[in-house]
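Spelled out, the chains give:
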Amino acid sequence: MKRIRFTTTQIILLSFLLVILIGSLLLALPISSTNGTAVPYIDALFTATTSTCVTGLVTLPTFSTWSVFGQIVILMLIQVGGLGVITIMTGWMLLLNRKLGIGDSLLIQDAFNLNTMSGLVKFVKNVLFGTLIIEGIGAVLYMLVFIPEFGAKGIWISVFNSVSAFCNAGIDIIAENSLCNYATNPLINIVTSALIILGGLGYIVWWDVLHVVKSRFPKSRKIFRHLTLHSKIAITVTAGLILAGAILILIFEYANPLTIGEMDLYDKIQVSFFQSVTTRTAGFASVPQENLTNASAAVSIILMLIGGSPVGTAGGMKTVTITVLICSAFATIRNKNSAALFGRRISDDSLKKAVAVVVMFLAICASSTVLILATSNASAIDAVYETVSATATVGLSRNFTATLNAFGKLIIIVTMYFGRVGPISLAVALGRKNESQNVISEPTEDISIG
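A.B. asks: Looking at this structure, I do not really get a nonpolar patch on the surface. What am I missing?
C.D. replies: A cluster of nonpolar side chains, contributed by Leu18, Ile22, Leu26, Leu29, Ile31 and Phe69, occupies part of the molecular surface with about 510 Å² of accessible area. Per-element accounting of the nonpolar patch gives the leading share, 3 residues, to helix H1 (residues 8-27). By relative accessible area, Leu29 is classed as partly exposed at 37%.

In structure tokens, the structure reads:
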């Protein structure tokens with residue numbers, strides 16, 4: 001009997017699907033709900049998908065629907081989805097002192113879209129250890145607020161929120177209105193924003209910054225100059241988008257009484273900043289998203305589409321992807337042969353991958369938007385907001401998710417799944433070398449563009 005061999009792409013796709021199915025079966029058990037009655041399977045499947053894909057859209061209120069057992073299942077799905085199934089499996093293998101084979105190494109390399117197979121064991125250990133440290137610090141800081149308010153239950157809430165924020169999941173067990181009750185709480189805003197940003201920057205940026213700091217300090221203070229091009233782009237674009245988003249939202253919402261219009265200037269700035277950060281695929285809401293002006297909603301949609309940075313817990317098209325496209329466009333406008341940034345030329349392969357990712361994302365968004373509009377009475381802005389949020393694994397909604405019918409739920413489930421695994425699969429596929437090096441290429445012909 002011929003043995004079935006799966007490619008690394010298929011293994012990654014199937015591993016996420018398997019985790020979702022196991023999670024949905026556990027959440028469909030009566031023990032997972034607060035009232036002891038099993039929730040409809042479609043809602044259990046939706047919750048398992050949004051947790052594993054670290055999206056955050058929910059059809060049922062997390063804090064009131066799920067029992068402690070159900071919440072533990074959701075938290076485990078978030079952690080597995082945030083770190084990646086392959087990372088968790090590798091961590092267990094290392095814990096059991098099992099050596100990694102060539103197949104395991106290829107899986108890790110593809111799961112993180114790394115350019116080399118050297119130092120993979122150390123990389124995985126650093127990812128797991130760094131994640132636990134940051135999530136632990138976040139949980140302790142959350143406890144300063146949640147323990148005085150909720151008592152011993154505040155410990156569990158703090159741990160849940162910290163993992164959810166770092167993994168950019170945006171699911172909480174505090175209230176139905178997410179973090180709206182803490183919109184002007186500086187500690188909650190700062191801790192949540194820090195966790196979101198650290199998770200969204202990506203592990204490669206972490207280690208690059210730490211390596212440069214260790215090797216250069218105290219000899220040189222010009223740390224940024226010695227970072228890799230990837231880290232420079234991720235850091236600068238992240239900071240720029242957060243700042244620009246916060247300023248625009250502050251302007252558009254300044255006099256809106258339904259959001260920040262009645263707040264003082266400090267709180268307006270604080271809430272605007274948080275909104276800009278959370279749209280980077282986190283999904284926590286400190287103001288009702290349906291109350292945003294259309295201009296702010298448009299800004300949020302753009303920020304959601306861009307998302308975080310590669311090799312992290314965030315989704316979206318990614319900061320580096322968009323930067324590569326913009327640089328290439330400007331290079332073309334200026335009649336240059338190649339795009340460059342920070343004194344480095346961007347490779348043609350990087351440009352091709354960026355184009356493929358953007359086309360894939362827009363295709364998923366467009367398809368799911370049309371289907372949602374065809375199967376519901378949603379307004380265009382609500383439908384686009386929902387589908388972009390699902391594709392970019394953000395989790396923000398204009399109070400629309402709970403109104404979805406069965407068809408709408410299935411559409412968003414599929415959208416969240418492809419939004420999460422699609423970029424990984426595409427990166428793996430594009431990373432493979434063409435096996436046929438001697439194939440005769442087709443003749444070239446110029447066509448009109450623009």
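A.B. asks: Quick question: what am I supposed to make of the nonpolar core here?
C.D. replies: One broad rule of soluble globular proteins: the nonpolar side chains tend to lie buried together. Among the nonpolar cores identified, the biggest contains 65 residues, and Leu27, Ile78, Phe146, Tyr203 and Ile412 are the most heavily contacted of them. In contact with Leu27, other than residues within four places in its own chain, are Ser32, Val39, Ala44, Thr47, Ala48, Trp66, Gly70, Val73, Ile74 and Leu77. Counting 38 residues, the second largest nonpolar core, distinct from the first, contains Leu292, Val299, Met304 and Ala339.

A.B. asks: Even after reading the chapter, I still don't get the packing of helix H13 (residues 294-306) against helix H16 (residues 380-391), so can you show me in this structure?
C.D. replies: The relative placement of two packed helices is expressed as an angle between their axes plus a distance between the axes. Where H13 contacts H16, the two axes come as close as 9 Å, and the packing angle between them is 20°. Of the possible angle classes, the one that applies to H13 and H16 is roughly parallel. The chirality of how H13 crosses H16 is left-handed. Of the residues in H16, those touching H13 at Ala297, Ser300, Ile301, Met304 and Leu305 are Ile381, Val384, Tyr385, Val388 and Ser389. For the contact of H13 with H16, the residue count by class is 8 nonpolar, 2 polar and no charged.

A.B. asks: Explain helix H12 (residues 265-278) to me, please; I cannot follow it from the model alone.
C.D. replies: Three- or four-residue spacings in an α-helix give side chains the same orientation, since the helix completes a turn every 3.6 residues. Spanning 14 residues, H12 covers 20 Å between terminal C-alpha atoms, matching the ideal 20 Å at 1.5 Å per step. Of all 14 residues that make up H12, 10 are buried, and the element is covered over most of its length. Within H12, the full set of buried residues consists of Asp267, Lys268, Gln270, Val271, Ser272, Phe274, Gln275, Ser276, Val277 and Thr278. As for H12, its buried residues are in contact with helix H9 (186-201), helix H11 (229-253), H13 and H16.

Procedures and definitions
- Residues numbered from 1 in each chain as written.
- Predicted model: local features only at pLDDT ≥ 70, side-chain atom pairs only at ≥ 80, totals over all residues.
- Heavy atoms only, no water.
- Patch = residues over 30% accessible without salt bridge, like charges linked within 9 Å, V, L, I, M, F, W, Y side chains within 5 Å.
- Areas by Shrake-Rupley, 256 points an atom, 1.4 Å probe, with all protein chains shown as cover.
- Salt bridge = Lys/Arg side-chain N within 4 Å of Asp/Glu carboxyl O.
- Helix = DSSP H or I, 4+ residues; strand = E, 2+ residues; numbered from the N terminus.
- Buried < 20%, exposed > 50% of the residue type's maximum accessible area, 1.4 Å probe, protein only.
- Core = buried A, V, L, I, M, F, W, Y, C linked by side-chain atoms within 4.5 Å.
- Contact = heavy atoms within 4.5 Å.
- Axes fitted to C-alpha atoms, helices over the stretch in contact; angles between N-to-C directions.
- Parallel < 35°, antiparallel > 145°, perpendicular 65-115°, else oblique.
- Left-handed = near helix turned anticlockwise from the far one by under 90°.
- Nonpolar A, V, L, I, M, F, W, Y, C, P; charged D, E, K, R; others polar.
- Expected span 1.5 Å × (residues − 1).

That is the geometry; function is a separate question.
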